[in-house]
Amino acid sequence: MNTELLMQLVVNGLIVGTLYGVVAMCFVLIYKSTRVVNFAQGEFLLIGAWTCWWLLMKFELPFWFGFPLTLAFMVVFGIALQVIVLRPMIGEPIISVIMVTIGLSIFFQALMGLLFGHETKSFPQVFETTSVNILGMQVQSAYILSMVISVLVMVAFYYFFKYSRTGLAMRATAFDQQVAQSLGISVKHVFAAAWAISAVVSALAGIVIGMVNGVSSALSFFGIKVFPVVILGGLDSIVGSVIGGLIIGVLENVAEFADSQWLHIGNLYVIAPFYALIIILMIKPYGLFGTKDIERI
Amino acid sequence: MSHTATQSEAAEPLLTLNNIEVVYDEVILVLRGVSLEVPKGEIVTLLGPNGAGKSTTLKAISGLLGTEDGKVTRGSVQFMGEDIANSAPEQIVRQGIFQVMEGRRIIGDMTVHENLRLGAYTRKDKEINSDIEMVYNYFPRLKERTGLAGYLSGGEQQMLAIGRAMMARPKLMLLDEPSMGLSPLLVKEVFNIIQTINREQGITMLLVEQNANIALKHATYGYVMESGKIVMDGTRDELMNNEDIKQFYLGGGEERRSFKNLKSYKRRKRWL
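Residues numbered from 1 in each chain as written. Chains lettered and ligands numbered in written order. Predicted model: local features only at pLDDT ≥ 70, side-chain atom pairs only at ≥ 80, totals over all residues. Heavy atoms only, no water.

(A) Geometry of the overall build of chain A. A count of helical and extended segments in chain A gives 11 helices and 2 strands. Going from the N terminus to the C terminus, chain A shows its helices and strands as α-α-α-α-β-β-α-α-α-α-α-α-α. For chain A, the C-alpha radius of gyration of 19 Å lies close to 19 Å, the compact-globule estimate for 297 residues. Projected onto the principal axes, the alpha-carbon positions of chain A cover approximately 60 × 50 × 35 Å. Here chain A, with 297 residues, has 52% of them falling under the buried criterion. Across chain A, contacts joining residues at least 24 apart in sequence account for 74% of those joining residues at least 6 apart. In the form shown here, chain A has an accessible surface area of approximately 13,900 Å², with 69% of it arising from carbon and sulfur atoms. Put simply, chain A has 13 plus and 13 minus side-chain charges, and the middle of one group is 14 Å from the middle of the other. (Helix = DSSP H or I, 4+ residues; strand = E, 2+ residues; numbered from the N terminus. Rg over C-alpha atoms; globule rule 2.2 N^0.38 Å. Buried < 20%, exposed > 50% of the residue type's maximum accessible area, 1.4 Å probe, protein only. Contact = heavy atoms within 4.5 Å. Areas by Shrake-Rupley, 256 points an atom, 1.4 Å probe, with all protein chains shown as cover. Lys, Arg positive; Asp, Glu negative; His and termini not counted. Charge placed at Lys NZ, Arg CZ, Asp CG, Glu CD.)

Right, dumping it as structure tokens:
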């Protein structure tokens, strides 16, 4: 058994897993505060990455300018999407809302293909990439950077929801919309804020991945990977999405290892998370951290 | 002359409902012309049986009616000279009306402190932290509770709901059945605190209650509702001495005390 390879894959898994965690957090944020299952989450990554790439390549903006500009665009994009497409859907059956987000997903994927083509395009070199030696393992500095950014995003989420006025308002809205309104919280604003934050952070993740792997429609696959992650972690748990992300990330890579060493099925890497998804749905449908309401009369 | 002028100014009500009609889902008529006045600085109570429309009246004032597909279709809700009927709840909170909803409705997966901070959501001043301390002074036992608010006892949750309302610094507090599900001793405690807050903070209260005894004990004026209408109103003493009120709401009255009636009542009850 090749222990060194296994270790390397586990480390890779943790790195990818934190990214899954970040994207899953964005998904959970929308689900928790607006009860919309957003099938277009992966396209947020795609749109963010392409926008940034476009600004950097086409207009040759420096990264420090193009990057914030992309995030600003994503804020507007997230709010516009919520106001124009999803606000009219409030009160409609959940299946209609799901169909709308699936439609959005297909629409944006095709639109991005139309605008930017289907080949993978690489980002301009923003940071020096070197290999760093950690505990005898070679890890690319870009991966470390992505992990650091992911962890920073998670910490920022924590402080946002724990201490900021808007964060508390979003939690209150997620808990009980009528109570939130009785406290003077505008539910409309909270919904728009949830989509804006989700779009921005997803775009950030998209850019990070784009810088490492290049930008292509494969980015939107992250949006599908989000499902095993959030089902494992619990659909409405931010903490669960982080832990679920790490577990699925590692699981993928361990499956890859097992496949290459013994099973030789091929592509187990891609399928394993979805097997996990089915198993979780059978034995623990609420996930690891899904809500168990505190009931008290 | 000048004396009567100041008196009428003082008597200028903070809130006036003029003949309001409320319809749910565009078809169900719930309030059929409710008029009432809440003078500044007082505790006014709204009594009545289940389904009379007491909670609906409060929601019509606080704007929460809109969250339940209800609408004020006629009449006006005057608060400090402005018609606020059908305004968005967040605007009404900013104008100084805060409703403590029935069943307390605190946010169970947040701490006591976070719940209190949310009460001050519409405020942006620097005194929020000192106000939290003030709430703890009124409700010392809340300060000891560091866990999630969902694990508080019913009485503590009610106290938290009232404390949270105080955080918004409202001019008018609407209380929907603060006694619900509390032991008699706790009901007494909660109502004493409500009266203290009214006196010390100058917050006007409109109180909906099933427990007419305790409500009339603390209120200065009362209204009685039945099937969507105000059927009676009067000062505390007028209502407490009214035979009908005694019989239906206070559990007393001359006839009920008659031995014969009591016996038949008891006999019937045994069969149930």
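The rest of the description comes next.
(B) Structural detail: the overall build of chain B. For chain B, the count of helices and strands is 13 helices and 10 strands. Counting across all 272 residues of chain B, residues that qualify as buried make up 51%. In chain B, the proportion of contacts linking residues at least 24 apart, taken out of those at least 6 apart, comes to 67%. Approximately 13,400 Å² of chain B is accessible, and the part contributed by carbon and sulfur atoms is 49%.

(C) Region of interest: the sheet that holds strand E9 (residues 221–226) of chain B. All names here are of chain B. Taken in spatial order, the 6 strands make up an open sheet running E6-E7-E8-E3-E9-E10, and their pairing is mixed. Here the strands that pair on one side only, and so sit at the sheet edges, are strand E6 (97–100) and strand E10 (229–235). When the angles between neighbouring strand axes are averaged without regard to direction, this sheet yields 15°. Pairing of E9 with E10, which is carried by 6 bridges, proceeds in the antiparallel orientation. Directly across from Gly 222, in E10, lies its bridge partner Gly 234. Along the sheet, helix H2 (residues 54–62) makes contact with strand E3 (43–47), E6, strand E7 (172–176), strand E8 (204–209) and E9, crossing E7 at roughly 150°. (Pairing = 2+ DSSP bridges. Axes fitted to C-alpha atoms, helices over the stretch in contact; angles between N-to-C directions.)

(D) The arrangement of the nonpolar core in detail. Ile 185 of chain A together with Phe 139, Met 173 and Ile 197 of chain B are the most contacted members of the largest nonpolar core, which totals 137 residues. Ranked by residue count, the leading element in this core is helix H8 (residues 187–213) of chain A, at 15 residues. Not counting residues within four places of it along the chain, the set of residues in contact with Ile 197 of chain B comprises Tyr 138, Phe 139, Ile 162, Met 166, Gly 202, Ile 203 and Met 205 of chain B. Counting residues in each nonpolar core, the second largest holds 31 residues, with Leu 15, Val 44, Ala 85 and Ile 97 of chain B among its members. (Core = buried A, V, L, I, M, F, W, Y, C linked by side-chain atoms within 4.5 Å.)

(E) Summary view of the sheet that holds strand E2 (residues 28–39) of chain B. Residue and element names in this part refer to chain B. On the basis of which strands lie adjacent, the open sheet formed by 4 strands has the order E2-E1-E4-E5 and antiparallel pairing. Each of the sheet's edge strands pairs with one partner strand only, and the pair in question is E2 and strand E5 (82–83). When strand E4 (residues 70–79) meets E5, the two strands line up antiparallel, connected through 2 bridges. Looking at the pairing, Phe 79 lines up with Glu 82 of E5. Taken strand by strand, H2 contacts strand E1 (13–24), E2 and E4, and its axis lies near 110° from that of E1.

(F) Broad picture of the environment of Leu 268 of chain A. On the secondary structure map, Leu 268 of chain A appears in helix H11 (residues 268–283). Once you skip the residues sitting within four places of it in the chain, Leu 268 of chain A turns out to touch Ala 255, Asp 259 and Leu 263 of chain A.

(G) View of the packing of aromatic side chains. Summed over the entire model, instances satisfying the criterion amount to 20 aromatic pairs over all chains. Seen from their ring centres, Phe 44 of chain A and Trp 195 of chain A are 6.1 Å apart, and the 65° between their planes marks the pair as edge-to-face. Of this pair, Phe 44 of chain A sits in helix H2 (residues 41–58) while Trp 195 of chain A sits in helix H8; the two residues are 151 residues apart in sequence, bridging distant segments of the chain. The same class applies to Phe 44 of chain A and to Trp 195 of chain A, which are both buried. An aromatic cluster of three or more residues is present, and its members are Phe 44, Phe 73, Phe 77, Phe 107, Phe 108 and Trp 195 of chain A. A cation over a ring is seen here: Arg 165 of chain A above Tyr 121 of chain B, with NZ or CZ 4.2 Å from the ring centre. (Phe/Tyr/Trp six-rings, centres within 6.5 Å; stacked < 30°, edge-to-face > 60°. Lys NZ or Arg CZ within 6 Å of the ring centre and 35° of its normal.)

(H) Structural context of the side chain of Asn 198 of chain B. By the element assignment, Asn 198 of chain B lies in helix H8 (residues 184–201). The residues contacting Asn 198 of chain B, other than those within four sequence positions of it, are Gly 41, Glu 42, Ile 43, Ile 203, Thr 204 and Met 205 of chain B.

(I) Molecular detail of the interface of chain B and chain A. Counting from both sides, the interface comprises 33 residues of chain B and, opposite them, 21 residues of chain A. Roughly 2,500 Å² of surface becomes buried between chain B and chain A when both sides are summed, with 56% attributable to carbon and sulfur atoms. Summed over the shared surface of chain B and chain A, the number is 3 salt bridges. A salt bridge links Asp 176 of chain A to Arg 105 of chain B, with the shortest nitrogen-to-oxygen separation between them at 3.2 Å. Our enumeration of links across chain B and chain A arrives at 9 residue pairs in polar contact (both at pLDDT 80 or more). If you list the elements that add at least two residues to the side of chain B that touches chain A, you get helix H3 (89–95), E6, helix H4 (112–119) and helix H7 (154–167) of chain B. When grouped by side-chain class, the residues that make up the side of chain B that touches chain A number 13 nonpolar, 8 polar and 12 charged. (Buried area = accessible area lost by both parts, 1.4 Å probe. Salt bridge = Lys/Arg side-chain N within 4 Å of Asp/Glu carboxyl O. Polar contact = N/O pair within 3.5 Å; in protein donor to acceptor, adjacent residues only side chain to side chain. Nonpolar A, V, L, I, M, F, W, Y, C, P; charged D, E, K, R; others polar.)

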